[in-house]
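# Observations on the three-dimensional arrangement
These are the residues of each chain, in order.
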2 protein chains.
Amino acid sequence: MAKYAIGVDFGTESGRAVLVDTADGREIASSVHPYANGVIDEKLPGTDIRLAPEWALQDPNDYLEVFRHAVPAVLSSGKVKPADVIGIGIDFTACTMLPTKVDGTPLCFLPEWRKNPHAWVKLWKHHAAQPEADKINATARSLRQPWLARYGGKIYSEWFFSKTLQILDEAPEIYQAADRLLEAADWVVWRLCGEEKRNSCTAGYKAMWSKREGFPENRYFAALDPRLEYVIDQKMSRRIYPIGEKAGELTPTASEWTGLPAGIAVAIANVDAHVSVPAVTVTEPGRMVMIMGTSTCHMLLGAEEHVVPGMCGYVEDGIIPGLFGYEAGQSGVGDIFAWLVDHGVPLQYHQEAANRGLSLHQLLTEKAAGQKPGEHGLLALDWWNGNRSTLVDVDLSGLLVGATLATRAEDIYRALIESTAYGTRVIIEAFEKNGVPVRELVACGGLPEKNAMLMQIYADVTGREIKISANKQAPALGSAMFGAVAAGKAAGGYDTIFEAAAKMAHLKKETYKPIPANQKIYDRLYAEYVRLYDYFGRGENNVMKTLKRIRDESIRT
Amino acid sequence: MAKYAIGVDFGTESGRAVLVDTADGREIASSVHPYANGVIDEKLPGTDIRLAPEWALQDPNDYLEVFRHAVPAVLSSGKVKPADVIGIGIDFTACTMLPTKVDGTPLCFLPEWRKNPHAWVKLWKHHAAQPEADKINATARSLRQPWLARYGGKIYSEWFFSKTLQILDEAPEIYQAADRLLEAADWVVWRLCGEEKRNSCTAGYKAMWSKREGFPENRYFAALDPRLEYVIDQKMSRRIYPIGEKAGELTPTASEWTGLPAGIAVAIANVDAHVSVPAVTVTEPGRMVMIMGTSTCHMLLGAEEHVVPGMCGYVEDGIIPGLFGYEAGQSGVGDIFAWLVDHGVPLQYHQEAANRGLSLHQLLTEKAAGQKPGEHGLLALDWWNGNRSTLVDVDLSGLLVGATLATRAEDIYRALIESTAYGTRVIIEAFEKNGVPVRELVACGGLPEKNAMLMQIYADVTGREIKISANKQAPALGSAMFGAVAAGKAAGGYDTIFEAAAKMAHLKKETYKPIPANQKIYDRLYAEYVRLYDYFGRGENNVMKTLKRIRDESIRT
């Protein structure tokens, strides 16, 4: 008899549950539940308390609502008996973290802290902890901390201790009141199975932990701030569970929320990007996975440990047990194309798109698709949202060169797409130059489904064949796979993620292969891109930073 | 009793006649007559003959129609007795040139040549003679021609001998059939007074002539092409008349066209930009006139001769008798702002503008006007249409740096305006560094009337007070002033342009003064502009040319 697993993917605006057949990964049902409070970046809910520009919070109750609505919805629409569901896995955005009491109650649920923004969940894209990240990096360099190399030499403002240190700096009373500081991913698993079990993926990628060395030593934290010396032992945990393990069993309370039987297996939490890797069949080195949406995450497995400058980080067991999981990223991809569509498209295109029932993205793609490489005469640096890899610098900004009076919106659209492909190629070359091979690319996320022109450009620019996920909801599928692994073979699941991937993950038959004539032209354009990349990105001309500094001074005065 | 003069300004799309009182320059009436054939850039009129992309022709009959319609219209609407009009002056775009028979009949009027595009008027913005300009420059350098320095070291593809050499290269039969090759400015004066009298302004700025040295020597022309050796003596003239002189008296035929009395004074022809200088009260060194529209011309008088690298040229007596007239230019100004409005403004701005009865330029200006300098964080190189001064390079292209996901259309709009102001400052500094002082700026043309924010930005960026022409039609007023000078004091006019300017030219009372706080910020931004200007414009990084080369190859294959 068929058995099923459920994966829940907690995104930025909503949570999605999918119900899949453990035999072949077939999606039986899918349901999305939007977060009532969404991304909190203007005012704290129910108050007049305004947030500063770079803030982004969430309400943990919104996550619980996903369990209460989306999971029952897939059971009902999938017409599956709850008793046939053997396991549940979740994945989350990261680093998305919160302070809680010892029993896991979020501080923001408590009346005494509800009006303090630092009591709420800090969402991954909360960018207000740059000064703290700077201090973390400077202190690590001055104390010659060896773990810094694992993160390409730089800790990001989005990560766990940047956010933690911001709480301590700006709201020491919240830091003091927090018995636990943890990833939302681990918090929802705790809510499901009643046990606080922290996962190796977020610990490794976001909290400077490694399997071999653990967390940085206490004296490093003390150097950051004396009050932080014992943060690991007081408010976190040194016990980190590898992904692929079972966290525990569904509690009666969680059973009530979800309609699932109490006692079924709950998997150790995962991260959306990372959980997609086995979901697109990748469980071995050499095949880079690109999760392409508003931004792009690049995931690559390696058998050996290599330091790759400018990468986001690598974690042993971080993606697949037994392998090093390397991560890189581009902080703006689909976001940049959307920027142009929102702010830079002529009136008649809006009208044409409306008349023809197309989105502006579709219309611009159609207009740009007939062009040959180089035809528009433009080149861009894809830094509208800074550069994550390989420069790890949020203060870089977008550049467009080659504009003439004949330049059209579709030309800029195509140039922006190309610029993100060049950015990906820089990342691939950094991996390869440092001993981590990239033979082939596997793409998932929203963009590959929507834009064939874009995928062909990526193939032409990178010179690599690109395969596409057969499942549109790779993260949720990946979480369901881990749910099936947590349940184990005896219960109708699998004993390892390798076995689960072999059966449950699939790619489309159609792939994108590089066209040699296009590659030739793109090689020349890429050489120009790299020259501008180095000139503006590596300190020779710091005009982008100067402009931001002048802007900030100008706004302040 | 009041006396009047008429000025006729031949523009790109139409001709405008104004009737002014010689006592004070007051405009009595104004009339515009559009050219029936406009700018001919697709097909030769009445044929299926297609023109290549960079071509731009005109029909000389359209100019005569201006005399037949616009001049009678101002007499009638101004309710002035023709007998009280004492003189007429004209100004023209330049270099706008044509081949004629010995009596001035344009070759394109003759059936045997009418279907040959080279028989028509080549308008100033005919850009198909770049190979010829390259040859003119290379030959001048190899023969160490001293006159080249007067033109900032480079002859432009728009100028007289570039166009002449293109005729010879591509249509030797037209070159052969042409008894005369001349500026349309001189041709219409010939039509008015029956005498071919060539003006010093176009000869100097566009045809390599100078008062002291005349034209380049015959052996230079022979080196360009043996058939060109005697072009000056065979098809042009060494007799050049300084502006401010009388060309002759109105013929009975021209009297019939215009309704003006035969025998009144006709002034030597002038150029639109240059004739505007006295029309905005400038007859002395140190006050730079900016004629600001789709592009900007900068006119400056100097008592001494100085070579200024990258300027369009300088001509003794070229603007005001007795002074050196220096010219510089920016090839894209209003055109660049219009590009953004046409191609890069979001839908809701179109709707807001329509609802509120504003143009998009007005709406974007309103949205941008509240910003402080530097607030948008952007910087642009204003090279959407190449760079005229100081780099004289049509292959340069536009650049925008500093874009983020928060960048709005009004930010880019303002950044583009600022970039043109920085371009003007580069020109001013080039003049000053080379001994030609610029104390104050006087602006005319379409932009100063329309956009106060723009004018304040120019004042802040250049650090100079800017005065504005009181008369919206500065070129036509200037031509009328020269008409009054051609008539002379005895007839109710003036004996010199200095006297005419003192009485007939006026500025607005309101001026734009630099705001010190803004200047401080703009000085910092300007330093960044200059660094990018030099990096991309002077050969260190030729990415703009590489992109155009790849584009051209890509389109061809």
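Please read these numbers as outputs of a predicted model, since none were measured by experiment.

## Some details on the relation of the copies chain B and chain A
The two chain copies are related to each other by a rotation about an axis together with a translation along it. Expressed as a screw operation, the relation of chain B to chain A combines 0.2 Å of axial shift with a rotation of 179 degrees, fitting to an RMSD of 0.3 Å. The transformation relating the two chain copies, once decomposed into turn and shift, fits a two-fold axis. Ranked by how close their C-alpha atoms come to the rotation axis, the residues of chain B are headed by Gly344 of chain B, at 1.6 Å. Same-surface contact between copies: 100% of interface residues of chain B are shared with the interface of chain A.

## Side note on the sheet that holds strand β18 (residues 379–381) of chain A
In space, the four strands of this open sheet follow the order β18(A)-β19(A)-β19(B)-β18(B), with antiparallel pairing throughout. Strand pairing shows two members of the sheet lacking a second neighbour, β18 of chain A together with β18 (379–381) of chain B, which therefore form its edges. On average, each strand axis in the sheet is tilted by 10 degrees relative to the strand beside it, whichever way the strands run. Bridge analysis of strand β19 (residues 398–403) of chain A against strand β19 (residues 398–403) of chain B gives five bridges, and the strand direction is antiparallel. For Leu399 of chain A, the partnering residue across the bridge sits in β19 of chain B and is Val401 of chain B. In the packing of helix α14 (residues 409–433) of chain A onto the sheet, the strands contacted are β18 and β19 of chain A, and the crossing angle to β18 of chain A comes to about 55 degrees. In the packing of helix α20 (residues 543–556) of chain A onto the sheet, the strands contacted are β18 and β19 of chain A together with β18 and β19 of chain B, and the crossing angle to β19 of chain B comes to about 60 degrees.

## Things to note about helix α17 (residues 474–487) of chain A
Residue and element names in this part refer to chain A. Taking 1.5 Å of rise per residue, the 14 residues of α17 would be expected to cover 20 Å, and the 20 Å separating its terminal C-alpha atoms lies within 8% of that figure. In terms of burial, α17 is a largely internal element, 13 of the 14 residues being buried. Count one or two residues on from α17 and you reach Gly488, which has phi positive near 90 degrees.

## Thoughts on the confidence of the model for chain A
The predicted coordinates ought not to be read in detail in places where the model reports low pLDDT. On average, residues of chain A score 93 in pLDDT, and 100% of them are at 70 or above. At the level of chain-chain contacts, confidence expressed as ipTM amounts to 0.79, with global pTM at 0.82.

## Considerations on the packing of aromatic side chains
Using the criterion set out here, one finds 51 aromatic pairs over all chains in the structure. On the basis of an interplanar angle of 80 degrees and a centroid distance of 5.5 Å, the ring pair of Phe160 of chain A and Phe161 of chain A is categorised as edge-to-face. By the burial criterion, Phe160 of chain A is buried, and Phe161 of chain A matches it. Summarising the aromatic geometry, the rings of Tyr220 of chain A and Phe221 of chain A are spaced 5.6 Å apart at their centres and angled 65 degrees between planes, so their arrangement reads as edge-to-face. Both residues of the pair, Tyr220 of chain A and Phe221 of chain A, count as buried. In this structure an aromatic cluster arises from ring pairing among Phe10, Tyr35, Tyr63, Phe67, Phe92 and Trp257 of chain A. A cation over a ring is seen here: Arg425 of chain A above Tyr526 of chain A, with NZ or CZ 4.0 Å from the ring centre. Between Lys235 of chain B and the ring centre of Tyr175 of chain B, over which it is positioned, the NZ or CZ distance is 4.7 Å.

## Here's the deal with the interface of chain B and chain A
Taken residue by residue, the interface counts 54 residues in chain B and 54 residues in chain A. Summing both sides of the interface, chain B and chain A together bury roughly 4700 Å²; the carbon and sulfur share of this comes to 59%. When the buried area of chain B at its contact with chain A is split by residue, His343, Leu405 and Leu547 of chain B rank highest and sum to 14% of it. Where chain B meets chain A, there are two salt bridges. Here Arg524 of chain B makes a salt bridge to Glu553 of chain A, at a shortest N to O gap of 2.8 Å. Between the two partners, chain B and chain A, sit 21 residue pairs in polar contact (both at pLDDT 80 or more). Among the elements of the structure, α11 (334–343), α12 (347–356), β19, α14 (409–433), α19 (516–537) and α20 (543–556) of chain B are those that each provide at least two residues to the side of chain B that touches chain A. Ranked by residue count, the leading element in the side of chain B that touches chain A is α20 of chain B, at ten residues.

Calculation notes
- Residues numbered from 1 in each chain as written.
- Chains lettered and ligands numbered in written order.
- Predicted model: local features only at pLDDT ≥ 70, side-chain atom pairs only at ≥ 80, totals over all residues.
- Heavy atoms only, no water.
- Least-squares fit on C-alpha atoms with pLDDT ≥ 70 in both.
- Contact = heavy atoms within 4.5 Å.
- Pairing = 2+ DSSP bridges.
- Helix = DSSP H or I, 4+ residues; strand = E, 2+ residues; numbered from the N terminus.
- Axes fitted to C-alpha atoms, helices over the stretch in contact; angles between N-to-C directions.
- Expected span 1.5 Å × (residues − 1).
- Buried < 20%, exposed > 50% of the residue type's maximum accessible area, 1.4 Å probe, protein only.
- pLDDT = per-residue confidence, 0-100.
- Phe/Tyr/Trp six-rings, centres within 6.5 Å; stacked < 30°, edge-to-face > 60°.
- Lys NZ or Arg CZ within 6 Å of the ring centre and 35° of its normal.
- Buried area = accessible area lost by both parts, 1.4 Å probe.
- Salt bridge = Lys/Arg side-chain N within 4 Å of Asp/Glu carboxyl O.
- Polar contact = N/O pair within 3.5 Å; in protein donor to acceptor, adjacent residues only side chain to side chain.

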